[in-house]
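This is what each chain is made of:
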Amino acid sequence: MPVGTQGTLKGLLPEQLKRLGCNIMLGNTYHLGNRPGPELMKKAGGLHEFMSWDRNLLTDSGGFQMVSLLKLAKITEEGVEFQSPHDETMMLLTPERSIEIQNALGADIIMQLDDVVSSLVSGPRVEEAMHRTVRWLDRCLKAHSRPHDQNLFPIVQGGLNANLRRQCAEELVKRDVPGFAIGGLSGGEEKHAFWKMVTLSTDVLPKEKPRYLMGVGFPEDLVVCAALGCDMFDCVFPTRTARFGTALVPTGQLNLKNNKFATDFRPIDENCPCSTCKEYKYTRAYLHTIVTYESVACQLLTIHNIAYQLNLMLSIHESIKQDKFPEFIKDFFKKLYPKENYPKWAEESLSSVNVHLRER
Ligand SMILES: [Zn+2]
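Residues numbered from 1 in each chain as written. Predicted model: local features only at pLDDT ≥ 70, side-chain atom pairs only at ≥ 80, totals over all residues. Heavy atoms only, no water.

- The protein appears in an unreviewed UniProt entry as Queuine tRNA-ribosyltransferase catalytic subunit 1 from Octopus vulgaris.
- What UniProt records for the protein under Catalytic activity (unreviewed entry) is the sentence "guanosine(34) in tRNA + queuine = queuosine(34) in tRNA + guanine".
- Note on the protein: under the UniProt heading Sequence similarities (unreviewed entry), the record states "Belongs to the queuine tRNA-ribosyltransferase family." (UniProt positions renumbered as here; feature names shortened; annotations may be inferred.)

**Side note on the packing of helix α8 (residues 162-172) against helix α9 (residues 191-204)**
- Taken N-terminus to C-terminus, the directions of α8 and α9 make an angle of 30°; their axes are 9 Å apart at the nearest point. The pairing of α8 with α9 is recorded here as roughly parallel in orientation. Considering how the two elements wind past one another, α8 and α9 form a crossing that is right-handed. Together, Ala162, Arg165, Arg166, Ala169 and Glu170 of α8 and Met197, Leu200, Ser201 and Val204 of α9 make up the contact between the two elements.
- For the contact of α8 with α9, the residue count by class is five nonpolar, one polar and three charged. (Axes fitted to C-alpha atoms, helices over the stretch in contact; angles between N-to-C directions. Helix = DSSP H or I, 4+ residues; strand = E, 2+ residues; numbered from the N terminus. Parallel < 35°, antiparallel > 145°, perpendicular 65-115°, else oblique. Left-handed = near helix turned anticlockwise from the far one by under 90°. Contact = heavy atoms within 4.5 Å. Nonpolar A, V, L, I, M, F, W, Y, C, P; charged D, E, K, R; others polar.)

**Observations concerning the environment of proline 206**
- Relative to the helices and strands, proline 206 resides in the loop between α9 and β10 (211-213).
- Sequence-distant contacts of proline 206, defined by excluding residues within four places in its chain, comprise Val173, Phe180 and Arg211.

**Points about the coordination of the zinc ion**
- Only Cys272 (SG), Cys274 (SG), Cys277 (SG) and His304 (ND1) from the protein reach the zinc ion as donors, at distances of 2.1 to 2.3 Å.
- Considering all four donor atoms around the zinc ion, the spread of angles at the metal, 100 to 120°, places the coordination shape in the tetrahedral class.
- Read from N- to C-terminus, the donor residues coordinating the zinc ion fall into the pattern C-x1-C-x2-C-x26-H. Comparing cysteine 274 with cysteine 277, the two get one shared label, buried. (Donors = N, O, S within 2.8 Å, 3.2 Å for Na, K, Ca; no water. Tetrahedral: all angles 85-135°; square planar, octahedral: opposite > 155°, others 65-115°. Buried < 20%, exposed > 50% of the residue type's maximum accessible area, 1.4 Å probe, protein only.)

**As for the nonpolar core**
- Residues Leu213, Ile329 and Phe333 are the most contacted members of the largest nonpolar core, which totals 51 residues.
- Breaking this core down by element, the ones donating at least two residues are α7 (124-143), α8, β9 (180-182), α9, α10 (219-227), α14 (295-321), α15 (325-336) and α16 (344-352).
- With residues up to four places along the chain from it excluded, the contact list for isoleucine 329 reads Val223, Ala227, Leu350, Val355 and Leu357.
- With 42 residues, the next largest nonpolar core counts Leu93, Ala247, Val249 and Ile290 among its residues. (Core = buried A, V, L, I, M, F, W, Y, C linked by side-chain atoms within 4.5 Å.)

**A word on α15**
- The end-to-end C-alpha separation of α15 is 17 Å, in line with the 16 Å expected for 12 residues at 1.5 Å each.
- Among the residues of α15, those classed as buried are Phe325, Phe328, Ile329, Lys330, Phe332, Phe333 and Leu336.
- Packed against the buried residues of α15 are α10, β13 (252-255), α14 and α16. (Expected span 1.5 Å × (residues − 1).)

**Examining the UniProt feature "binding site: substrate" (unreviewed entry) in the protein**
- What UniProt calls "binding site: substrate" (unreviewed entry) maps, in this numbering, to Asp60, Ser61, Gly62, Gly63, Phe64, Asp114, Gln157 and Gly184.
- Here aspartate 60 lies in the loop between β2 (56-59) and α5 (63-69).
- Note on aspartate 60: relative accessible area 13%, which makes it buried.
- Contacts of aspartate 60, omitting those with residues within four sequence positions, involve Leu26, Gly27, Asn28, Thr29, Tyr30, Gln65, Gln102 and Met111.

**A look at unusual backbone geometry**
- At aspartate 323, a residue that is not glycine, the phi angle is positive and equals roughly 65°.
- Inspection of the secondary structure puts aspartate 323 in the loop between α14 and α15.
- One non-glycine residue, asparagine 354, lies in positive phi territory at about 65°.

**Comments concerning the sheet that holds β2**
- Reading across the sheet, the four strands line up as β1-β2-β6-β7 and stay open at both edges, with parallel pairing between neighbours. Across the chains shown, the open sheet's two edge strands, defined by having one partner strand only, are β1 (24-27) and β7 (151-153). Adjacent strand axes in the sheet meet at a mean angle of 25°, parallel and antiparallel pairs treated alike.
- Set on the sheet, helix α6 (residues 95-105) makes contact with β2, β6 (109-111) and β7; between it and β6 the angle comes to about 165°. (Pairing = 2+ DSSP bridges.)

**Comments concerning the sheet that holds strand β3 (residues 74-75)**
- Taken in spatial order, the three strands line up as β3-β4-β5 in an open sheet, and their pairing is antiparallel. Among the strands making up the open sheet, the edge pair consists of β3 and β5 (90-93).
- Note that β3 and strand β4 (residues 80-83) share two bridges and pair antiparallel. Bridging across to β4, isoleucine 75 finds its partner in valine 80.

**Thoughts on the pattern of salt bridges**
- Considering all chains together, one arrives at 23 salt bridges under this definition.
- Two residues, aspartate 54 and lysine 18, come together in a salt bridge whose shortest N-O distance is 3.3 Å. Of this pair, aspartate 54 sits in the loop between α4 (47-50) and β2 while lysine 18 sits in helix α1 (residues 14-19), placing them 36 residues apart in sequence.
- Judged by its relative accessible area of 61%, aspartate 54 is exposed.
- Among the salt bridges present, the one from arginine 175 reaches aspartate 138, with a minimum N-O distance of 2.6 Å. Residue arginine 175 is found in the loop between α8 and β9, and its partner aspartate 138 is found in helix α7; the two are separated by 37 residues along the sequence.
- We classify arginine 175 as buried; its relative accessible area is 18%. (Salt bridge = Lys/Arg side-chain N within 4 Å of Asp/Glu carboxyl O.)

Structure below.
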């Protein structure tokens, strides 16, 4: 899922996303809940109408944005207390308020308010946050006024503590919910700890319901975590990296600001079906000249990067259906690491699900 903030992707229109074959995108409740606000959103007929997007939407709870954006956020049992960015008054985001806003926005998938702690924090705070997340889930479920047309996902927390994470997942699956999210990861922790937490979460969460790994979007992470049992991902990485002039390709990344591209008249990726590469055939040399200076360059790269990620997920999906996922994973890693100097965590995590990168 590409990530939109104010109901739009940075540098891309909803219709452009549609043309890329995107079926679901993410909207930030924190931004949309403050301005234009839930009352206006209700009048507009919900976020789909407001942004002219007739496909699926997922909104987050708003909590993560607050804790990460606002230094003054304070968490109590009641909710997340924070200073309004507009008039500096103190405001409170409770589980009930988060659901009320998300019910007004009307996304197809909505998220519970969870007590998020950085994956670098350890000790009693992690345990407190895990138990509070379960209590807040029950408040969210109770407050949810549109269970018939909006899917509320709970979030597995528990930091990097295996027992807490397992306990949390086991508690969540007791509730009748349509899907699950794994949160609190990809915050700078060691990759070894990261994949262990992912795999022990998917071990507990039911296979027949979607499992959404939050905030993960590096191409290698998508491939590995899909192998570990995750179905959905969101990340600002493809759009953010486009703004820095970087294009995603099967061999890794092209930093188009690099002078070596000044005379390179090939498209970003000859096999890419996106409009930047195939339809309009913009050359690396042209993009090199305008990246990070002109906003259209950002748009051209964003289109390409989103197309890259969507095609990657589509290829994963197709290879699973054809029972060829292990081969796909090996090819993907071989292109990325032609010398087979694979990262240790990737080899270990894939071995745990019987995919051995060096075996042909
Ligand atoms: Zn392309």
